[in-house]
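A closer look at the structure
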Amino acid sequence: MKKIIALLTISLIIVQANAQTNAFKVEVTGKGQPIILIPGYSCSGEVWNETVAHLKDRYECHVITIAGYAGVPKLDTPILKTVRNELINYVKTKKLNKPMLIGHSLGAFMSLWVSSVEPDLFGKIICVDGLPFVSAVSDTTANAEVLKKNPQFNPEAVAKNFEMIPNENYVKNMTGAMLYQVKDTARAVQIATWSSQCDRRTLGYTIVEISTTDLREDIAKIKQPVLVLGSIYGTEANSHVMLNHQFRNVPNKTIEVANSKHFIMYDVPEWFYAKVDAFLQ
């Protein structure tokens, strides 16, 4: 009987540690103060494997993979807004005490979004090459409401365009594109493979949703410290200018720029871990 109870207990722990909400999959590793790690556009939570290995002896890592990405079952629209709401609910349901947030790209955007909505619920935030309004990178006057009326950002049309991308040579072609975002070819192949496993319509809907959501005013509500880790946008000086403009309303922020492409945690891991450790401690 004791063995049966023990097996049931272990099974329950495994189910809890690898939970699936409607909006995302969660895998929990480690022990200590909770950290929620959110990957970027089209990526699996596995993008954080090395980061979790670095942190798990000190922190309890809750690793997210968003619905429709990297083989996780898809979600009805609006996707990212539902992820935002369910992530807040996840923290409340699990009674996580001020979980810190580490987000890459879209994951950084999501970290800022949930913290803007519930500023007392979360702890420190680390934004890894992610922005409150990506559409303002090339045009600082961009307006989210105007963009929503632009046919280029019609969600259904964009989703259909993604559906029409041929499966043949998808990973090969995407690998070429990813080499503009990460230095290592093997990493580029892995990121491209995750993309190939995504629901195509989800790729379309979510790129429109993030492109037409402007958090630059909302992030003024964030109370906790925010560490912004940016990559090179043309030059290091230009990166600082752009990041300071995007995050100008965050009361307590630190901005650092890495000599890196978009996937900072892959390109300069030791620099990345040093910045993360110093900030979290």
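Residues numbered from 1 in each chain as written. Predicted model: local features only at pLDDT ≥ 70, side-chain atom pairs only at ≥ 80, totals over all residues. Heavy atoms only, no water.

Glancing now at the overall build of the chain. Secondary structure summary: the chain contains 12 helices and 7 strands in total. Computed over its C-alpha atoms, the radius of gyration of the chain comes to 19 Å, within 12% of the 19 Å expected for a compact globule of 281 residues. Expressed along its principal axes, the backbone C-alpha trace of the chain runs to roughly 65 × 45 × 35 Å. Relative to its 281 residues, the chain shows a buried fraction of 50%. Restricting the contact set of the chain to residue pairs at least 6 apart, pairs at least 24 apart contribute 77%. Here the chain carries 29 positive and 26 negative side-chain charges, and the mean point of each set is 5 Å from the other. (Helix = DSSP H or I, 4+ residues; strand = E, 2+ residues; numbered from the N terminus. Rg over C-alpha atoms; globule rule 2.2 N^0.38 Å. Buried < 20%, exposed > 50% of the residue type's maximum accessible area, 1.4 Å probe, protein only. Contact = heavy atoms within 4.5 Å. Lys, Arg positive; Asp, Glu negative; His and termini not counted. Charge placed at Lys NZ, Arg CZ, Asp CG, Glu CD.)

This part is about the state of the cysteines. Per the stated rule, a full pass over the model turns up 0 disulfides. With no disulfide of its own, Cys43 lies 7.9 Å from the sulfur of Cys198, the closest cysteine sulfur. Under the relative-accessibility criterion, Cys43 is labelled buried at 1%. Between Cys127, a free cysteine, and Cys43, which holds the nearest cysteine sulfur, the sulfur-to-sulfur gap is 16 Å. Owing to a relative accessible area of 0%, Cys127 belongs among the buried residues under this scheme. (Disulfide = S-S within 2.5 Å.)

A few words now on the packing of helix α7 (residues 170-178) against helix α8 (residues 185-196). For the pair α7 and α8, interaxial distance at closest approach is 8 Å and the crossing angle is 125 degrees. Taken together, the axes of α7 and α8 lie oblique to each other. Judged by the sense of rotation from one axis to the other, the crossing of α7 with α8 is right-handed. Residues Tyr170, Val171, Met174, Thr175 and Met178 of α7 form the contact with α8, whose own contacting residues are Ala188, Val189, Ile191, Ala192, Thr193, Ser195 and Ser196. (Axes fitted to C-alpha atoms, helices over the stretch in contact; angles between N-to-C directions. Parallel < 35°, antiparallel > 145°, perpendicular 65-115°, else oblique. Left-handed = near helix turned anticlockwise from the far one by under 90°.)

Under the definition given, this model contains 10 salt bridges. A salt bridge links Lys25 to Glu27, with the nearest nitrogen and oxygen atoms 3.6 Å apart. For Lys25, a relative accessible area of 28% corresponds to the partly exposed category. On the accessibility criterion, Glu27 (36% relative accessible area) is partly exposed. The salt bridge involving Glu145 is made with Lys148; its shortest N-O contact spans 3.2 Å. Here Glu145 and its partner Lys148 are both found in helix α5 (residues 144-148), 3 residues apart, which amounts to about one turn of the helix. (Salt bridge = Lys/Arg side-chain N within 4 Å of Asp/Glu carboxyl O.)

Counted residue by residue, strand β4 (residues 100-104) has 5 buried out of 5 residues, so it is predominantly covered. Burial along β4 is two-sided: the face carrying Met100, Ile102 and His104 and the face carrying Leu101 and Gly103 are both buried. The sheet contact formed by β4 and strand β5 (residues 125-128) spans 4 bridges and is parallel. Bridge pairing in β5 places Leu101 opposite Ile125. Taking the sense of rotation as the criterion, the β-α-β connection linking β4, helix α4 (residues 106-117) and β5 turns out right-handed. (Pairing = 2+ DSSP bridges. Right-handed = clockwise from strand over helix to strand, strands pointing away.)

Turning our eyes to something else, we now look at unusual backbone geometry. With the exception of glycine, the majority of residues adopt a negative phi angle, and the majority of peptide bonds are in the trans configuration. Note the cis peptide between Thr77 and Pro78, where omega equals -5 degrees. In this fold, Pro78 is placed in the loop between β3 (59-66) and α3 (79-93). Phi angles above zero are rare outside glycine, and Ser42 is one such case at about 75 degrees. When you line up the elements, Ser42 lands in the loop between β2 (33-38) and α2 (49-55). Phi is positive for Lys95, close to 55 degrees, though the residue is something other than glycine. Tracing the backbone shows Lys95 in the loop between α3 and β4.

The subject of this paragraph is the packing of aromatic side chains. Taken as a whole and assessed by the stated rule, the structure comprises 5 aromatic pairs. With a centroid separation of 5.3 Å and 55 degrees between ring planes, the pair formed by Phe109 and Trp113 is classed as tilted. Note that Phe109 and Trp113 are positioned in helix α4 at a spacing of 4 residues, about one turn of the helix. The positively charged end of Lys124 is found above the aromatic ring belonging to Phe279, 5.2 Å away from the centroid. For Arg187, the ring lying beneath its charged end belongs to Tyr266, and the centroid distance is 3.8 Å. (Phe/Tyr/Trp six-rings, centres within 6.5 Å; stacked < 30°, edge-to-face > 60°. Lys NZ or Arg CZ within 6 Å of the ring centre and 35° of its normal.)

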